[in-house]
Amino acid sequence: MSKLIGNAIFGQSGGPTAVINASAAGVFTEALQQTGVIRKVYGAAHGIVGILNEKFYDMGQEDPSELELLKTTPSSALGSCRYKLAKAEVDDTDYKRLLEVFKKYDIRYFFYNGGNDSMDTCNKISKYLQNAGYECRVMGVPKTIDNDLFGTDHCPGFASAAKYIATTIMEVYLDARVYDIGMITVIEIMGRHAGWLTASAALAAHKGHGPDLIYLPEIDFDLDKMMADVKRIYAKEKKVIIAVSEGVQTKEGKFIPELVGEVSVDAFGHKQLGGTASVLADYFKKEIGCKVRGIELSLMQRCAAHLASKTDVDESFLAGQTAVRCAVDGMTDFMVGFQRPESGPYACEIKLIPLSEVANAEKKVPREWINDEGNFVNEHFINYALPLIQGESTVAIEDGLPRFARLKKVQAEG
Ligand code: F6P
């Protein structure tokens, strides 16, 4: 494979995670070391939007110690976007603009870090550049707390959110039991179409401080059935903890907040979720009459760098680093993925998945990992998730508070 000499650009897209910047650190540190091949390393402001607007940063001007701090800095340090590219055959305006920018800045390496929608964007760009005969190596770097990317054993970002959720539920479990009166606690967890993250509540139960009931989007949601489950446990225990995915839908396709009002929609047609816990808590209050609490873990579950899994931090860095190494070695049109050995102790092995296979596909929690009643997960999930949440990430501290990366963000000149 011949050497492709030019510049590289990296962008972050979609909802952030506690470790998405660890992948950025992996891309930047590796790309900056590939001096014989990659001349300049750019970071796009707000993903693809920054490229279209020619707003990107010269990462070579950043202090290496700040790039190192990215590993433990949550949220998307360069800014993110939810921008849907049209199909090139329907409207190629954005693609032409992108090619123009790539030519102007001699971009020969494009790394895009995101989930399902972002891999669709990455795939579309990769195919357009190929058809245009413009030589550029395109690699997707996976990321999503939802853990629903096709072809990979798991996704960077999932394990840290899972560790936070399990830990928080263990703490809430103790708090929700202090009074000598009945109480129902509903904990709402992210994950639009897949229940991986909500299933992680079972890790808390595995330690004896977890929910009584777990509801995932993989199972049609039935309010009457849930009410019966809750009443049965309440009658016996006087305390009930429920973990519910924001993505549960009735068989008619309605999310819980839609049972009581309208919800807004984003560029990809995704409904703005959130509010499930308080809607359900209100139902229980009316029907059972006891003390209730609806807890929405909301953004906290995806930006809790202080509780990140060290395994997740290291693997996220590895995903970014591998994307660059593979591209320099001549690979293009793939997403970096992970696999684990079929038997024996956990290990994270790299696999490459064609972008066209990842784009627009979703990986759900297998039905056989969910109990027959559809209100809990079994040991398959525990065995899957436990190795991923191992290890504590050490966040740098300044004045008793986290010291996150401070990037200079020097605007790149064309
Ligand atoms: O990126 C995935 C995710 O975190 C989902 O779990 C959640 O439904 C969604 O993003 C929230 O998106 P936003 O931050 O755009 O409201």
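Right, let's walk through the structure included here. What you are looking at is a predicted structure, and each value in this text was computed from that prediction instead of being measured.

### Quick look at the site of the ligand
Lining the immediate environment of the ligand, one finds Gly 15, Arg 82, Lys 143, Ile 145, Asp 146, Met 190, Gly 191, Arg 192, Glu 246, Gln 272 and Arg 302. In the environment of the ligand, an oxygen atom lies 2.8 Å from a nitrogen or oxygen atom belonging to the side chain of Arg 82. Side-chain polar atom of Asp 146 to an oxygen atom of the ligand: 2.6 Å apart, as the coordinates give it. Out of a free accessible area of 400 Å², the ligand has 82% covered by protein chains. Broken down by class, the residue content of the shell around the ligand amounts to 2 nonpolar, 3 polar and 6 charged. No fewer than three residues from each of domain 1 (6-156 + 305-361 + 391-402) and domain 2 (159-302) sit in the shell around the ligand.

### Brief notes about the pairing of strand β4 (residues 107-114)
Across the 8 residues that make up β4, a large majority, 8, are buried. Bridging between β4 and strand β5 (residues 137-142) involves 6 bridges; their strand directions are parallel. Residue Gly 114 lies in a different strand from β5, and its bridge partner there is Pro 142. At this point the chain moves from β4, through helix α5 (residues 116-131), to the parallel β5, and the crossover so formed is right-handed.

### Things to note about the pattern of salt bridges
Inspection of the entire model under this criterion finds 21 salt bridges. The closest approach of N and O atoms between Glu 135 and Arg 137, which form a salt bridge, is 3.9 Å. With its nearest N and O atoms 3.4 Å apart, the salt bridge here joins Arg 403 to Glu 398. Residue Glu 398 is classed as partly exposed on the basis of its relative accessible area, which comes to 36%. When salt bridges that share partners are traced, they join Glu 54, Arg 97, Glu 100 and Lys 104 into one network.

Conventions we followed
- Residues numbered from 1 in each chain as written.
- Predicted model: local features only at pLDDT ≥ 70, side-chain atom pairs only at ≥ 80, totals over all residues.
- Heavy atoms only, no water.
- Near = heavy atom within 4 Å.
- Polar contact = N/O pair within 3.5 Å; in protein donor to acceptor, adjacent residues only side chain to side chain.
- Areas by Shrake-Rupley, 256 points an atom, 1.4 Å probe, with all protein chains shown as cover.
- Nonpolar A, V, L, I, M, F, W, Y, C, P; charged D, E, K, R; others polar.
- Domains from an automatic or database assignment.
- Buried < 20%, exposed > 50% of the residue type's maximum accessible area, 1.4 Å probe, protein only.
- Helix = DSSP H or I, 4+ residues; strand = E, 2+ residues; numbered from the N terminus.
- Pairing = 2+ DSSP bridges.
- Right-handed = clockwise from strand over helix to strand, strands pointing away.
- Salt bridge = Lys/Arg side-chain N within 4 Å of Asp/Glu carboxyl O.

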